[in-house]
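Residues per chain are reported as follows:
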Amino acid sequence: MRMMKGFTLIELMIAIALGLIVIAGAISFYVLTISGSTNTIKSAQLNYDLGVAMTLMANDIKRSGYWGGAISGADSALNPFMAATERVKVLDSGQCVLYTYDASGDDSDSNGDDVETDEYYGFKLDSGTIRMRLTGATTADCSDGSWASSEIIDGDLINITALTFVPTYSCLNITNSASTIQATTSECTTAGDSIVEIRQVTITLTGQLVGDSSVSETLSETVMIRNNRIL
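First, a word on what this report is: a plain description of the structure on this page. (Residues numbered from 1 in each chain as written. Predicted model: local features only at pLDDT ≥ 70, side-chain atom pairs only at ≥ 80, totals over all residues. Heavy atoms only, no water.)

1. A short note on the sheet that holds strand β1 (residues 89–91)
- Strand order in this open sheet of five strands is β1-β2-β3-β4-β5, and the pairing throughout is antiparallel. Two strands close off the open sheet at either side, each with one partner strand: β1 and β5 (146–147).
- Note: strand β2 (residues 96–100) against strand β3 (residues 120–126), five bridges, orientation antiparallel. Its bridge partner being in β3, L98 is matched across the sheet by G122. (Pairing = 2+ DSSP bridges. Helix = DSSP H or I, 4+ residues; strand = E, 2+ residues; numbered from the N terminus.)

If you want it as structure tokens, here you go:
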């Protein structure tokens, strides 16, 4: 009889097993690649959204104390937006910042020196999101005034787990030109000399995806307030 040539059953089983191992490895690599790409996209989106919120807060806080009446010959020490009840305040264990500035860009308020109710601003952490203040009457109470009912980020997608504001002050005695800038955690005081108070606020923001709490990002930025306080 003619000899029959081919693979034995054992050889076929070994070949099938090796093929299955190769296919399983390829599938695992594909799943890991897709998973890694998805996490990268999620992280990038979270970082972008937090960055937008951070930029909005930083740019607005920088305007604190701006006064349209600070024209040539004006006494900056009389700036109504630097009064004790109008200056930058960090409250609620650092989770809220309040401040004022002349939104109209001039000194045309009702009596020339008042801060209007729509010139009180702020940001605060509220139930896992960031809210912006629209109106108010003081910078001493974060429950005062009206706050935007909608978040500045999408609360359905991002949960804000931490938001803190930390102010620092640098005091420069301009009466004594030899005096150096001294940093302090409290506002500057004056004892007859003219003092320039340079103000900064460090913002730290942490958020995570609502659908995947393992994707989390933390951003931090120190804001230099453009308008110095004159004492």
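Structure shown, so let's carry the discussion forward.
2. As for the state of the cysteines
- Across all of its chains, the model carries two disulfides by this definition.
- Through a disulfide, C96 is tied to C142; the S-S separation comes to 2.0 Å. On the S-S bond that ties C96 to C142, the torsion sits near -105 degrees, and the link is left-handed. With C96 in strand β2 and C142 in the loop between β4 (129–135) and β5, this pair connects stretches of sequence that are 46 residues apart.
- Owing to a relative accessible area of 0%, C96 belongs among the buried residues under this scheme.
- The partner cysteine of C171 in its disulfide is C188, sulfur to sulfur 1.9 Å. Looking down the S-S bond of the C171 and C188 bridge, the torsion is -95 degrees, so its handedness is left-handed. Highlighted residues: C171 in strand β6 (residues 158–173) and C188 in the loop between β7 (182–184) and β8 (195–209), separated in sequence by 17 residues. Neither C171 nor C188 differs from the other in exposure class; each is buried.
- Regarding the disulfides, the protein chain carries the connectivity 1-2, 3-4 under sequence-order numbering of its bonded cysteines. (Disulfide = S-S within 2.5 Å. Buried < 20%, exposed > 50% of the residue type's maximum accessible area, 1.4 Å probe, protein only.)

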